[in-house]
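# Coordinates in review
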Amino acid sequence: MSDDQITTSGADLRDVQLSFIGCGIMAESIFAGLLRKGLVAPDQITGSHPRAARRGDLHTRYGIQVVESNRAAAEKKSSDDSMVVLAVKPQRLSVVLAELKGVLQPEQVLLSIVAGAKLETLAHELQHAAIVRAMPNTPAQIGEGTTAWTTTPEVNEAQQAKVRTLLGALGLEMRVETENMIDMATALSATGPTYIFMMMEALVDAGVHMGFSRHVSQDLVIQTMLGSVLFARESAKHPAELRNMVTSPGGTSAEAIYQMEKGSLRTVLSKAVWAAYQRAVALGKKG
Ligand SMILES: NC(=O)c1ccc[n+]([C@@H]2O[C@H](COP(=O)([O-])OP(=O)(O)OC[C@H]3O[C@@H](n4cnc5c(N)ncnc54)[C@H](OP(=O)(O)O)[C@@H]3O)[C@@H](O)[C@H]2O)c1
């Protein structure tokens with residue numbers, strides 16, 4: 001890709017060397033998004049992956065270099081800024097951290113998306129100070145994700161601006177002040193699709209119960225959810241106000257609301273999010 005094909009929005013990533021340790025679904029979502037938006041060129045990206053078939057496939061599809069050695073991928077190769085994205089599964093983390101120990105230069109930024117991996121653990125294991133911890137969610141795979149992130153104090157403003165651009169490839173990115181807020185975001189946005197999919201499933205089943213075919217019910221439910229979300233975002237009104245707009249006296253919505261309140265829908269959701277938060281905190285203590 002030539003320079004004139006590279007567009008810039010947010011911080012410029014044209015002089016950043018990007019390394020991806022573990023080129024699975026999420027790493028691919030990030031670099032595919034960056035390449036699609038023209039924010040980086042393929043020759044800026046090096047990935048590492050244990051399987052030769054996956055290495056070859058990624059090289060063919062994206063033109064990026066993919067090597068076997070995690071250390072070789074993470075090494076700083078030039079005077080350019082360098083960001084190393086850690087995207088392996090939590091179960092592989094300790095092995096990979098041991099491999100990477102001592103390889104990062106102080107000015108490199110490590111960006112971890114590994115669920116439950118705390119800044120302190122990463123800093124200690126890698127003997128490295130400039131670290132970003134990010135928590136994306138599954139819609140990131142289609143560029144519609146929500147990613148909360150925080151950093152150690154050693155990540156400077158200019159580096160943070162680049163992190164913003166990089167995570168923007170996954171959808172909405174939001175910097176949060178504390179690591180506890182990453183646990184909170186784990187419960188709300190990273191676990192969020194679970195709440196939505198379960199409600200989606202329940203509504204589709206309710207449609208089938210009334211007599212719609214499954215695919216008709218699914219189409220009706222998905223578009224209703226999508227339309228309601230877009231409407232809420234565009235109108236910027238409080239959800240209760242939007243709900244009141246469709247609740248006529250003695251009507252169908254009023255009848256449905258009565259049953260949802262009777263079944264404690266709000267309390268169940270609140271308890272589910274709180275339980276997920278407690279679980280995120282507990283898993284962080286273990287790791
Ligand atoms: N997916 C999400 O929506 C999501 C959301 C939030 C956070 N995360 C976090 O993102 C991280 C990556 O998730 P993912 O969904 O992208 O998982 P994934 O698709 O399994 O990606 C991990 C990749 O790492 C490779 N790998 C295995 N051992 C390795 C090693 N020793 N060195 C280098 N690479 C190795 C795996 O290879 P194989 O294919 O051979 O196993 C796999 O391709 C996880 O820590 C997860 O907690 C994911």
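A tally of regular secondary structure across the protein chain gives 12 helices and 8 strands. Partitioning the contacts of the protein chain with sequence separation of at least 6, the portion at a separation of at least 24 is 63%. Approximately 16000 Å² of the protein chain is accessible, and the part contributed by carbon and sulfur atoms is 58%. Between the centroid of the 28 positive side chains of the protein chain and the centroid of its 29 negative side chains there is a distance of 7 Å.

On to the site of the ligand, then. Near the ligand there are 23 residues, and of these Ile25, Met26, His49, Arg51 and Val88 occur at the shortest range. Within the backbone of Ile25, one N or O atom sits 2.9 Å away from an oxygen atom of the ligand. Within the backbone of Met26, one N or O atom sits 2.8 Å away from an oxygen atom of the ligand. Per-class residue counts for the shell around the ligand are 13 nonpolar, 7 polar and 3 charged.

With respect to topology, 8 strands assemble into an open sheet ordered β3-β2-β1-β4-β5-β6-β7-β8, the strand pairing being mixed. Where the open sheet ends on each side, the last strands, each with one partner, are β3 (65-67) and β8 (171-175). Each adjacent strand pair in this sheet contributes to an overall mean axis angle of 20 degrees, direction not counted. Packing against the sheet, helix α5 (residues 119-126) makes contact with β4 (81-86), β5 (109-112), β6 (131-135) and β7 (145-151), and its axis sits at approximately 140 degrees to β6. In the packing of helix α6 (residues 157-168) onto the sheet, contacts are made with β1 (16-21), β4, β5, β6, β7 and β8, and the angle to β8 comes to roughly 150 degrees.

With respect to the element layout, Met135 can be found in strand β6. The contact partners of Met135, leaving out residues within four places of it in the chain, are Ala115, Gly116, Thr146, Thr147, Ala148, Ile182, Thr186 and Ala190.

Here we take up the nonpolar core. In this structure, Leu18, Phe20, Phe31, Leu34, Leu111 and Leu166 are the most contacted members of the largest nonpolar core, which totals 36 residues. Listing elements by their share of this core, those giving two or more residues are β1, α1 (25-36), α2 (52-62), β4, β5, β6 and α6. It is α1 that provides the largest number of residues to this core, a total of 7 residues.

Conventions and cut-offs
- Residues numbered from 1 in each chain as written.
- Predicted model: local features only at pLDDT ≥ 70, side-chain atom pairs only at ≥ 80, totals over all residues.
- Heavy atoms only, no water.
- Helix = DSSP H or I, 4+ residues; strand = E, 2+ residues; numbered from the N terminus.
- Contact = heavy atoms within 4.5 Å.
- Areas by Shrake-Rupley, 256 points an atom, 1.4 Å probe, with all protein chains shown as cover.
- Lys, Arg positive; Asp, Glu negative; His and termini not counted.
- Charge placed at Lys NZ, Arg CZ, Asp CG, Glu CD.
- Near = heavy atom within 4 Å.
- Polar contact = N/O pair within 3.5 Å; in protein donor to acceptor, adjacent residues only side chain to side chain.
- Nonpolar A, V, L, I, M, F, W, Y, C, P; charged D, E, K, R; others polar.
- Pairing = 2+ DSSP bridges.
- Axes fitted to C-alpha atoms, helices over the stretch in contact; angles between N-to-C directions.
- Core = buried A, V, L, I, M, F, W, Y, C linked by side-chain atoms within 4.5 Å.
- Buried < 20%, exposed > 50% of the residue type's maximum accessible area, 1.4 Å probe, protein only.

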